[in-house]
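The chain contents come next:
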Amino acid sequence: MPVFTTYDGTELAYHVEGEGEPLVCLPGGAMRASRYLGDLGGLSAGRRLILLDLRGTGDSAAPADESTYRADHQVADVEALRLHLGLERMDVLAHSAAGNLALLYAAAHPGRVRRLVLVTPTAWAVDLGPTPEESLEAVRSRAGREPYDTAIAAYERLWAAGGDPSPEDRRQAMVLAYGRWDDRARAHLAASDHERNQAAALVFAGPGAFDPPATREALRRFDGETLVLAGELDGYPTVAVAAALAGLLPHGTVDVQPAAAHFPWLDDAERFAARVERFLATGS
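Residues numbered from 1 in each chain as written. Predicted model: local features only at pLDDT ≥ 70, side-chain atom pairs only at ≥ 80, totals over all residues. Heavy atoms only, no water.

Looking at this model, I keep getting lost on the environment of methionine 174. Mind explaining?
Topologically, methionine 174 is positioned in the loop between α5 (167-173) and α6 (183-195). When the C-alpha atoms of methionine 174 and alanine 199 are compared, they prove to be 20 Å apart, with 25 residues separating the residues in sequence. In contact with methionine 174, not counting residues within four places along its chain, are Leu189 and Phe263. (Helix = DSSP H or I, 4+ residues; strand = E, 2+ residues; numbered from the N terminus. Contact = heavy atoms within 4.5 Å.)

Here's what the structure looks like:
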């Protein structure tokens, strides 16, 4: 397991899967250990995946200053990894909440990212997100059978509760994050209990983390191609939010994976890996 030292002396770990051109992978959660990404649906067959454990997650050390869990502070960790790998420019894949970290990095270092893949990304960094009505409309498309009816009811209560949802509602609503609720999905969700640093997650998008007008302006200088990959069934982000994010970027394109939710490599591994590999190879 390779380790490097970042800007404040914290030792960060990353894991390597596969052979080929490197692809730096930033996990979401927020603040979940990178192991939940697996090999991204077999993407490692043609790429060397560099799976970063963000500070305080997985095999990376916790920082002395917990305020550095904030997303804007972790931009320097991504840059330290690039320097450690000796890459002039790099391809980057970010999932879910890490979409914000990737956007901040591209804004701060626009010349260092060749191609960027944002997989079902949240986009708080640029002030994009669905309304409750839009999010609920997306998940209600699955109504009519269990376990989705129970999950949708829990999802409705999450929005109604605002910032204070119950843990049970969170757990029940997570069924909707998977295109298929099968044994693999159940195991993937169960693993999140010990893979996620909850205290760090509370800091990640805390006050001061984002300056959307400044980030939007900075991203105008980002000339790397970007693929925003949305899940057809995902309630957060919705397909419309993914399309809006792609439209915000100078060379952005959106692709919607049918019958997929928040973890599209689990829902259709072959389709996911082929689409991402095609984009990394061609930029389209």
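Looking at this structure, I do not really get the pattern of salt bridges. What am I missing?
Two side chains that carry opposite charge are able to pair once their charged atoms sit near each other. If you walk through the whole model with that rule in mind, you get 19 salt bridges. The partner of arginine 55 in a salt bridge is aspartate 77, and the shortest N-O contact between them spans 2.7 Å. Here arginine 55 is found in the loop between β4 (47-52) and α1 (71-85), whereas its partner aspartate 77 is found in helix α1, with 22 residues between them in sequence. A relative accessible area of 2% means that aspartate 77 is categorised as buried. Each member of the salt-bridge network shares a partner with another, and the members are Arg47, Asp91, Arg114 and Glu277. (Salt bridge = Lys/Arg side-chain N within 4 Å of Asp/Glu carboxyl O. Buried < 20%, exposed > 50% of the residue type's maximum accessible area, 1.4 Å probe, protein only.)

How should unusual backbone geometry be read in this particular structure?
One can expect most non-glycine residues to show negative phi and most peptide bonds to be in trans. With an omega dihedral of -5 degrees, the bond running from glycine 29 to alanine 30 counts as a cis peptide bond. As for its placement among the helices and strands, alanine 30 is situated in the loop between β3 (21-26) and β4. Positive phi values are uncommon outside glycine, yet serine 96 reaches one of about 55 degrees. By the element assignment, serine 96 lies in the loop between β5 (90-95) and α2 (98-108).

Is there a simple way to think about the packing of helix α3 (residues 132-140) against helix α4 (residues 148-161) in this case?
Describing two packed helices takes the angle between their axes plus the distance from one axis to the other. Interaxial distance between α3 and α4 falls to 10 Å at its minimum, and their mutual angle equals 175 degrees. It follows from the interaxial angle that α3 and α4 lie roughly antiparallel. Counted together, Pro132, Ser135, Leu136, Val139 and Arg140 of α3 and Ile152, Tyr155, Glu156 and Trp159 of α4 form the full contact between these two elements. (Axes fitted to C-alpha atoms, helices over the stretch in contact; angles between N-to-C directions. Parallel < 35°, antiparallel > 145°, perpendicular 65-115°, else oblique.)

Before we go on, may I ask you to explain the side chain of histidine 95 in this structure?
You can see histidine 95 is positioned in strand β5. One polar contact links the side chain of histidine 95 to the main-chain carbonyl oxygen of histidine 262, over a distance of 2.8 Å. Setting aside residues no more than four positions away along its own chain, histidine 95 makes contact with Leu26, Pro27, Gly28, Tyr36, Leu37, Val119, Thr120, His262, Phe263 and Trp265. (Polar contact = N/O pair within 3.5 Å; in protein donor to acceptor, adjacent residues only side chain to side chain.)

Any chance you could explain the environment of alanine 190 here in plain terms?
Here alanine 190 shows up in helix α6. A relative accessible area of 38% places alanine 190 in the partly exposed class. Placed 47 residues apart in sequence, alanine 190 and alanine 143 show a C-alpha to C-alpha distance of 23 Å.

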